[in-house]
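An overview of the molecular structure
The lines below spell out each chain.
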Amino acid sequence: VDSLAQHSLIFTKAYANGCKSIHGMSSVLSGIPSFKDAFTSSPYPKQKIESLVSVLKSEGYDTSFFHGAPNGSMGFLGFSNILGIDHYYGKNEYNNDQDFDGYWGIWDEPFFQYFNKTLSQKKAPFMATLFSVSSHEPYVIPAKYEGKFPKGDVNIHQCIGYTDFALKQFFKSAKKEPWFSNTIFVLVGDHGNTIFYDDYKKEVNKNKVAMLIYKPNSKFVGEYKDYAQQIDLYPTILDMVGYDKPFRSWGRSLIGDKVVQPFVIRYSANLYQFMSGNYICTFDGNKVIGFYAKNDKDLKRNLITKRNAEMDLIELKCKAYLQDYMARVMDRKLGEHSR
(Lines give C-alpha, C1' and ligand atoms only; values in the text may rest on other atoms or scores of the structure.)
Protein backbone atom coordinates (compact mmCIF):
# COMPACT_ATOMS: atom_id res chain seq x y z
CA VAL A 1 0.00 0.00 0.00
CA ASP A 2 2.84 2.40 0.76
CA SER A 3 4.32 1.98 -2.72
CA LEU A 4 0.86 2.20 -4.33
CA ALA A 5 0.21 5.42 -2.42
CA GLN A 6 3.13 7.09 -4.22
CA HIS A 7 1.09 6.85 -7.43
CA SER A 8 -2.37 7.47 -5.96
CA LEU A 9 -4.67 10.17 -4.67
CA ILE A 10 -4.56 9.55 -0.91
CA PHE A 11 -7.01 10.97 1.63
CA THR A 12 -5.39 11.65 4.98
CA LYS A 13 -8.59 12.93 6.65
CA ALA A 14 -10.96 10.19 5.51
CA TYR A 15 -13.82 8.88 7.62
CA ALA A 16 -16.24 5.98 7.65
CA ASN A 17 -19.94 6.87 7.80
CA GLY A 18 -20.80 3.99 10.11
CA CYS A 19 -19.25 1.61 12.62
CA LYS A 20 -19.81 -1.86 11.13
CA SER A 21 -18.74 -3.62 7.94
CA ILE A 22 -22.25 -3.63 6.44
CA HIS A 23 -22.47 0.15 7.07
CA GLY A 24 -19.32 0.50 4.97
CA MET A 25 -21.00 -1.33 2.10
CA SER A 26 -24.05 0.98 2.08
CA SER A 27 -21.87 4.09 2.48
CA VAL A 28 -19.35 3.27 -0.25
CA LEU A 29 -21.63 1.69 -2.87
CA SER A 30 -24.84 3.62 -2.36
CA GLY A 31 -23.69 6.77 -0.57
CA ILE A 32 -26.01 6.10 2.36
CA PRO A 33 -24.51 6.73 5.82
CA SER A 34 -25.67 5.01 9.00
CA PHE A 35 -26.45 6.93 12.17
CA LYS A 36 -28.06 5.94 15.49
CA ASP A 37 -30.25 3.41 13.69
CA ALA A 38 -28.18 1.85 10.93
CA PHE A 39 -29.78 2.07 7.52
CA THR A 40 -29.09 -1.57 6.71
CA SER A 41 -30.79 -2.92 9.85
CA SER A 42 -33.72 -0.47 9.72
CA PRO A 43 -37.13 -1.23 8.14
CA TYR A 44 -36.15 0.80 5.06
CA PRO A 45 -33.38 -0.81 2.96
CA LYS A 46 -35.78 -2.92 0.87
CA GLN A 47 -36.60 -0.20 -1.63
CA LYS A 48 -35.32 0.95 -4.98
CA ILE A 49 -31.92 2.55 -4.34
CA GLU A 50 -30.02 4.59 -6.85
CA SER A 51 -26.36 3.73 -6.29
CA LEU A 52 -22.98 3.37 -7.92
CA VAL A 53 -24.22 -0.09 -8.90
CA SER A 54 -27.45 1.02 -10.59
CA VAL A 55 -25.83 3.98 -12.36
CA LEU A 56 -22.97 1.91 -13.79
CA LYS A 57 -25.37 -0.91 -14.72
CA SER A 58 -27.36 1.64 -16.71
CA GLU A 59 -24.15 2.38 -18.60
CA GLY A 60 -23.62 -1.28 -19.47
CA TYR A 61 -21.29 -2.35 -16.65
CA ASP A 62 -21.23 -5.89 -15.26
CA THR A 63 -21.39 -5.62 -11.44
CA SER A 64 -20.10 -8.07 -8.85
CA PHE A 65 -19.30 -8.44 -5.16
CA PHE A 66 -16.59 -10.74 -3.77
CA HIS A 67 -16.42 -11.89 -0.15
CA GLY A 68 -14.59 -15.12 0.70
CA ALA A 69 -16.73 -15.91 3.74
CA PRO A 70 -19.64 -18.38 3.87
CA ASN A 71 -22.33 -16.97 1.60
CA GLY A 72 -24.84 -14.78 3.42
CA SER A 73 -22.55 -13.82 6.30
CA MET A 74 -22.39 -10.20 7.47
CA GLY A 75 -25.41 -9.24 5.36
CA PHE A 76 -23.42 -8.57 2.18
CA LEU A 77 -25.36 -11.00 -0.05
CA GLY A 78 -28.72 -9.59 1.05
CA PHE A 79 -27.69 -5.99 0.43
CA SER A 80 -26.07 -6.99 -2.88
CA ASN A 81 -29.47 -8.27 -3.98
CA ILE A 82 -31.17 -5.04 -2.89
CA LEU A 83 -28.65 -2.99 -4.92
CA GLY A 84 -29.12 -5.27 -7.92
CA ILE A 85 -25.53 -6.51 -8.13
CA ASP A 86 -25.31 -9.03 -10.99
CA HIS A 87 -22.93 -11.59 -9.46
CA TYR A 88 -22.00 -12.56 -5.90
CA TYR A 89 -18.81 -14.57 -5.38
CA GLY A 90 -18.47 -16.11 -1.92
CA LYS A 91 -16.95 -19.18 -0.33
CA ASN A 92 -19.45 -21.35 -2.24
CA GLU A 93 -18.33 -20.06 -5.63
CA TYR A 94 -14.66 -20.27 -4.68
CA ASN A 95 -15.33 -23.96 -3.96
CA ASN A 96 -12.05 -24.99 -2.32
CA ASP A 97 -12.23 -25.32 1.45
CA GLN A 98 -8.52 -26.11 1.65
CA ASP A 99 -8.00 -22.33 1.48
CA PHE A 100 -10.49 -21.62 4.30
CA ASP A 101 -8.83 -19.94 7.28
CA GLY A 102 -11.11 -21.74 9.75
CA TYR A 103 -12.63 -18.49 11.05
CA TRP A 104 -13.69 -15.83 8.55
CA GLY A 105 -13.31 -17.11 5.02
CA ILE A 106 -10.84 -17.84 2.26
CA TRP A 107 -7.32 -16.53 2.91
CA ASP A 108 -6.71 -13.18 1.20
CA GLU A 109 -3.86 -14.26 -1.07
CA PRO A 110 -5.72 -17.04 -2.95
CA PHE A 111 -9.02 -15.14 -2.88
CA PHE A 112 -7.40 -12.02 -4.39
CA GLN A 113 -6.03 -14.24 -7.18
CA TYR A 114 -9.51 -15.69 -7.70
CA PHE A 115 -10.80 -12.10 -7.88
CA ASN A 116 -8.31 -11.28 -10.64
CA LYS A 117 -8.99 -14.48 -12.57
CA THR A 118 -12.77 -14.03 -12.43
CA LEU A 119 -12.59 -10.38 -13.53
CA SER A 120 -10.28 -11.28 -16.39
CA GLN A 121 -12.94 -13.61 -17.79
CA LYS A 122 -15.50 -10.80 -17.92
CA LYS A 123 -16.22 -8.52 -20.82
CA ALA A 124 -15.48 -4.89 -20.02
CA PRO A 125 -16.77 -2.60 -18.67
CA PHE A 126 -17.15 -4.05 -15.21
CA MET A 127 -17.36 -2.82 -11.64
CA ALA A 128 -16.32 -5.15 -8.83
CA THR A 129 -16.11 -4.86 -5.05
CA LEU A 130 -13.96 -7.08 -2.85
CA PHE A 131 -14.23 -7.33 0.93
CA SER A 132 -11.07 -8.85 2.43
CA VAL A 133 -11.15 -11.12 5.49
CA SER A 134 -7.64 -11.93 6.76
CA SER A 135 -6.87 -8.85 8.85
CA HIS A 136 -9.38 -9.82 11.57
CA GLU A 137 -9.01 -11.41 14.96
CA PRO A 138 -7.82 -14.02 15.94
CA TYR A 139 -5.02 -12.48 13.82
CA VAL A 140 -3.62 -15.64 12.27
CA ILE A 141 -1.85 -16.09 8.93
CA PRO A 142 -1.21 -19.19 6.80
CA ALA A 143 1.28 -21.52 8.44
CA LYS A 144 3.65 -21.33 5.48
CA TYR A 145 4.14 -17.59 6.13
CA GLU A 146 4.91 -17.80 9.85
CA GLY A 147 7.85 -15.48 10.55
CA LYS A 148 7.65 -13.73 7.16
CA PHE A 149 5.84 -10.58 8.29
CA PRO A 150 6.82 -8.28 11.18
CA LYS A 151 4.77 -8.86 14.32
CA GLY A 152 5.22 -5.25 15.38
CA ASP A 153 3.86 -4.04 18.69
CA VAL A 154 0.21 -5.07 18.29
CA ASN A 155 -1.28 -8.41 17.28
CA ILE A 156 -2.87 -7.23 14.03
CA HIS A 157 0.49 -6.27 12.48
CA GLN A 158 1.48 -9.54 10.87
CA CYS A 159 -2.05 -9.97 9.44
CA ILE A 160 -1.82 -6.51 7.88
CA GLY A 161 1.55 -7.56 6.47
CA TYR A 162 -0.04 -10.67 4.99
CA THR A 163 -2.97 -8.78 3.44
CA ASP A 164 -0.55 -6.16 2.08
CA PHE A 165 1.49 -9.01 0.53
CA ALA A 166 -1.71 -10.52 -0.94
CA LEU A 167 -2.55 -7.16 -2.45
CA LYS A 168 0.91 -6.93 -4.00
CA GLN A 169 0.46 -10.37 -5.58
CA PHE A 170 -2.94 -9.28 -6.91
CA PHE A 171 -1.47 -6.20 -8.59
CA LYS A 172 1.37 -8.28 -10.06
CA SER A 173 -1.21 -10.53 -11.72
CA ALA A 174 -3.68 -7.79 -12.66
CA LYS A 175 -0.99 -5.70 -14.39
CA LYS A 176 -0.74 -8.42 -17.03
CA GLU A 177 -4.42 -8.13 -17.95
CA PRO A 178 -5.72 -5.91 -20.77
CA TRP A 179 -8.28 -4.25 -18.47
CA PHE A 180 -5.71 -3.07 -15.92
CA SER A 181 -4.61 0.22 -17.51
CA ASN A 182 -8.19 1.41 -17.89
CA THR A 183 -9.32 0.61 -14.36
CA ILE A 184 -9.86 2.76 -11.27
CA PHE A 185 -8.82 1.03 -8.03
CA VAL A 186 -10.22 2.22 -4.70
CA LEU A 187 -8.87 1.02 -1.34
CA VAL A 188 -10.88 1.99 1.72
CA GLY A 189 -11.43 0.72 5.27
CA ASP A 190 -14.94 -0.46 6.11
CA HIS A 191 -14.96 1.17 9.55
CA GLY A 192 -12.64 2.69 12.13
CA ASN A 193 -10.46 0.65 14.48
CA THR A 194 -9.79 2.36 17.80
CA ILE A 195 -8.41 -0.44 19.94
CA PHE A 196 -4.69 -0.17 19.20
CA TYR A 197 -3.44 3.42 19.31
CA ASP A 198 -4.39 6.28 21.62
CA ASP A 199 -4.74 8.82 18.81
CA TYR A 200 -7.57 6.80 17.29
CA LYS A 201 -9.34 6.58 20.63
CA LYS A 202 -9.99 10.33 20.47
CA GLU A 203 -13.65 10.99 19.79
CA VAL A 204 -13.29 12.58 16.35
CA ASN A 205 -10.76 9.99 15.15
CA LYS A 206 -12.83 6.91 15.96
CA ASN A 207 -14.24 6.71 12.43
CA LYS A 208 -11.01 7.49 10.57
CA VAL A 209 -10.11 5.04 7.81
CA ALA A 210 -7.47 4.56 5.15
CA MET A 211 -8.62 5.65 1.69
CA LEU A 212 -6.88 5.98 -1.65
CA ILE A 213 -7.74 6.00 -5.36
CA TYR A 214 -5.27 4.61 -7.87
CA LYS A 215 -5.56 4.72 -11.63
CA PRO A 216 -2.58 3.79 -13.81
CA ASN A 217 -1.04 6.90 -15.41
CA SER A 218 -3.60 9.18 -13.76
CA LYS A 219 -3.22 12.90 -13.17
CA PHE A 220 -4.91 12.39 -9.79
CA VAL A 221 -1.86 11.78 -7.62
CA GLY A 222 -0.93 13.30 -4.26
CA GLU A 223 -2.35 14.03 -0.84
CA TYR A 224 -5.88 15.34 -0.41
CA LYS A 225 -5.71 17.13 2.92
CA ASP A 226 -9.32 18.17 3.46
CA TYR A 227 -12.26 16.18 4.81
CA ALA A 228 -13.27 13.09 2.85
CA GLN A 229 -15.68 10.29 3.70
CA GLN A 230 -16.93 6.98 2.36
CA ILE A 231 -20.08 8.49 0.85
CA ASP A 232 -17.89 10.73 -1.33
CA LEU A 233 -16.55 7.73 -3.28
CA TYR A 234 -19.77 7.17 -5.24
CA PRO A 235 -19.86 10.69 -6.81
CA THR A 236 -16.06 10.73 -7.16
CA ILE A 237 -15.97 7.51 -9.20
CA LEU A 238 -18.81 8.72 -11.43
CA ASP A 239 -16.84 11.93 -11.96
CA MET A 240 -13.75 9.94 -12.92
CA VAL A 241 -15.60 7.82 -15.50
CA GLY A 242 -17.17 10.94 -17.04
CA TYR A 243 -20.77 10.33 -16.00
CA ASP A 244 -22.66 13.62 -16.40
CA LYS A 245 -26.33 12.79 -15.79
CA PRO A 246 -28.20 13.58 -12.54
CA PHE A 247 -27.95 11.08 -9.67
CA ARG A 248 -28.81 10.93 -5.97
CA SER A 249 -25.89 11.44 -3.64
CA TRP A 250 -25.34 12.73 -0.14
CA GLY A 251 -21.60 12.94 -0.71
CA ARG A 252 -19.50 15.14 -2.97
CA SER A 253 -16.98 14.50 -5.71
CA LEU A 254 -13.48 14.70 -4.28
CA ILE A 255 -12.02 15.66 -7.65
CA GLY A 256 -14.59 18.00 -9.15
CA ASP A 257 -17.03 19.50 -6.66
CA LYS A 258 -16.19 23.17 -6.14
CA VAL A 259 -19.66 24.08 -4.82
CA VAL A 260 -20.12 21.89 -1.73
CA GLN A 261 -17.54 22.58 0.96
CA PRO A 262 -15.71 19.44 2.22
CA PHE A 263 -17.50 17.94 5.21
CA VAL A 264 -17.94 14.76 7.23
CA ILE A 265 -21.09 13.57 8.96
CA ARG A 266 -20.97 10.80 11.56
CA TYR A 267 -22.86 9.51 14.58
CA SER A 268 -21.00 8.81 17.81
CA ALA A 269 -21.41 9.29 21.55
CA ASN A 270 -25.21 9.54 20.98
CA LEU A 271 -24.75 12.64 18.84
CA TYR A 272 -24.68 13.60 15.20
CA GLN A 273 -21.37 15.24 14.42
CA PHE A 274 -21.02 17.50 11.39
CA MET A 275 -17.45 18.53 10.61
CA SER A 276 -16.78 21.32 8.13
CA GLY A 277 -14.55 24.34 7.79
CA ASN A 278 -13.14 25.42 11.15
CA TYR A 279 -15.65 23.67 13.40
CA ILE A 280 -17.26 20.45 14.52
CA CYS A 281 -20.97 20.75 15.30
CA THR A 282 -22.70 18.30 17.67
CA PHE A 283 -26.46 17.84 17.33
CA ASP A 284 -28.70 15.66 19.52
CA GLY A 285 -31.52 15.34 16.97
CA ASN A 286 -33.45 18.31 18.36
CA LYS A 287 -30.92 21.00 19.02
CA VAL A 288 -27.25 21.81 18.57
CA ILE A 289 -25.44 21.34 21.85
CA GLY A 290 -21.86 22.11 20.91
CA PHE A 291 -19.32 23.66 18.57
CA TYR A 292 -15.66 22.71 18.76
CA ALA A 293 -12.53 23.80 16.95
CA LYS A 294 -11.62 21.39 14.15
CA ASN A 295 -8.42 20.33 15.96
CA ASP A 296 -10.18 19.62 19.26
CA LYS A 297 -10.22 15.85 18.58
CA ASP A 298 -11.56 14.93 22.01
CA LEU A 299 -14.30 17.59 21.91
CA LYS A 300 -13.18 19.09 25.20
CA ARG A 301 -13.74 22.82 24.73
CA ASN A 302 -17.29 23.75 23.78
CA LEU A 303 -17.40 27.10 21.93
CA ILE A 304 -21.18 27.36 21.70
CA THR A 305 -21.24 30.56 23.77
CA LYS A 306 -19.02 32.19 21.15
CA ARG A 307 -21.25 31.55 18.15
CA ASN A 308 -20.38 33.17 14.85
CA ALA A 309 -21.68 33.20 11.27
CA GLU A 310 -19.70 30.11 10.24
CA MET A 311 -21.15 28.12 13.14
CA ASP A 312 -24.68 29.23 12.19
CA LEU A 313 -24.14 28.02 8.61
CA ILE A 314 -22.73 24.66 9.76
CA GLU A 315 -25.78 24.16 12.01
CA LEU A 316 -28.05 24.87 9.05
CA LYS A 317 -26.17 22.40 6.84
CA CYS A 318 -26.28 19.70 9.51
CA LYS A 319 -30.05 20.04 10.03
CA ALA A 320 -30.79 20.26 6.31
CA TYR A 321 -28.69 17.17 5.61
CA LEU A 322 -30.43 15.09 8.28
CA GLN A 323 -33.89 16.33 7.28
CA ASP A 324 -33.33 15.30 3.66
CA TYR A 325 -31.79 11.98 4.72
CA MET A 326 -34.65 11.01 7.04
CA ALA A 327 -37.32 12.11 4.56
CA ARG A 328 -35.84 10.20 1.61
CA VAL A 329 -35.17 7.03 3.59
CA MET A 330 -38.59 6.92 5.28
CA ASP A 331 -40.57 8.07 2.23
CA ARG A 332 -38.70 5.49 0.12
CA LYS A 333 -37.30 8.03 -2.31
CA LEU A 334 -33.75 6.66 -2.53
CA GLY A 335 -34.29 5.80 -6.18
CA GLU A 336 -34.91 9.43 -7.14
CA HIS A 337 -32.35 11.99 -8.26
CA SER A 338 -31.38 14.82 -5.94
CA ARG A 339 -33.22 18.06 -6.46
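Data block above holds the structure.
Quick notes on the rules
- Residues numbered from 1 in each chain as written.
- Predicted model: local features only at pLDDT ≥ 70, side-chain atom pairs only at ≥ 80, totals over all residues.
- Heavy atoms only, no water.
- Patch = residues over 30% accessible without salt bridge, like charges linked within 9 Å, V, L, I, M, F, W, Y side chains within 5 Å.
- Areas by Shrake-Rupley, 256 points an atom, 1.4 Å probe, with all protein chains shown as cover.
- Salt bridge = Lys/Arg side-chain N within 4 Å of Asp/Glu carboxyl O.
- Lys, Arg positive; Asp, Glu negative; His and termini not counted.
- Charge placed at Lys NZ, Arg CZ, Asp CG, Glu CD.
- Helix = DSSP H or I, 4+ residues; strand = E, 2+ residues; numbered from the N terminus.
- Buried < 20%, exposed > 50% of the residue type's maximum accessible area, 1.4 Å probe, protein only.
- Pairing = 2+ DSSP bridges.
- Axes fitted to C-alpha atoms, helices over the stretch in contact; angles between N-to-C directions.
- Contact = heavy atoms within 4.5 Å.
- Expected span 1.5 Å × (residues − 1).
- Polar contact = N/O pair within 3.5 Å; in protein donor to acceptor, adjacent residues only side chain to side chain.

**Describing a positive patch on the surface**
A surface patch of like charges, here positive, comprises Lys 148, Lys 168, Lys 172 and Lys 176. With respect to the element layout, Lys 172 can be found in helix α7 (residues 157-174). The class for Lys 172 is partly exposed, based on a relative accessible area of 47%.

**As for the sheet that holds strand β3 (residues 62-67)**
Pairing is parallel in the open sheet, where three strands are placed in the order β4-β3-β5. Each edge of the open sheet carries a strand with a single partner, namely β4 (87-89) and β5 (126-131). Within this sheet the neighbouring strands show an average axis-to-axis angle of 15 degrees, counted without direction. With six bridges joining them, β3 and β5 adopt parallel strand pairing. Across the sheet, residue Phe 65 finds its bridge partner in β5, namely Thr 129. On the sheet, helix α6 (residues 108-120) packs against β3, β4 and β5 and is oriented at approximately 165 degrees with respect to β3.

**Focus on helix α9 (residues 309-330)**
Between its first and last C-alpha, α9 extends 32 Å over 22 residues, near the 32 Å set by a 1.5 Å rise per residue. If you check which residues of α9 are buried, you get Met 311, Ile 314, Glu 315, Cys 318, Tyr 321, Leu 322, Tyr 325, Arg 328 and Val 329. Along its buried surface, α9 packs onto β10 (263-268), β11 (271-276), β12 (279-283) and β13 (288-293). Two or three places before Glu 310, at the start of α9, stands the capping residue Asn 308, its side-chain oxygen 3.1 Å from that residue's backbone nitrogen.

**Observations regarding the environment of Ile 195**
Inspection of the secondary structure assignment puts Ile 195 in the loop between β6 (185-188) and β7 (211-214). Ile 195 sits in the exposed class, given a relative accessible area of 55%. If near-sequence neighbours (up to four positions away) are discounted, Ile 195 is found in contact with Tyr 139 and Lys 201.

**Description of the sheet that holds strand β8 (residues 222-224)**
In space, the four strands of this open sheet follow the order β6-β7-β1-β8, with mixed pairing throughout. Of all strands in the sheet, those bounded by a partner on one side alone are β6 and β8. On average, each strand axis in the sheet is tilted by 15 degrees relative to the strand beside it, whichever way the strands run. Across three bridges, strand β1 (residues 9-11) lies against β8 in parallel orientation. Each bridged residue has a counterpart across the sheet, and for Phe 11 the counterpart in β8 is Tyr 224.

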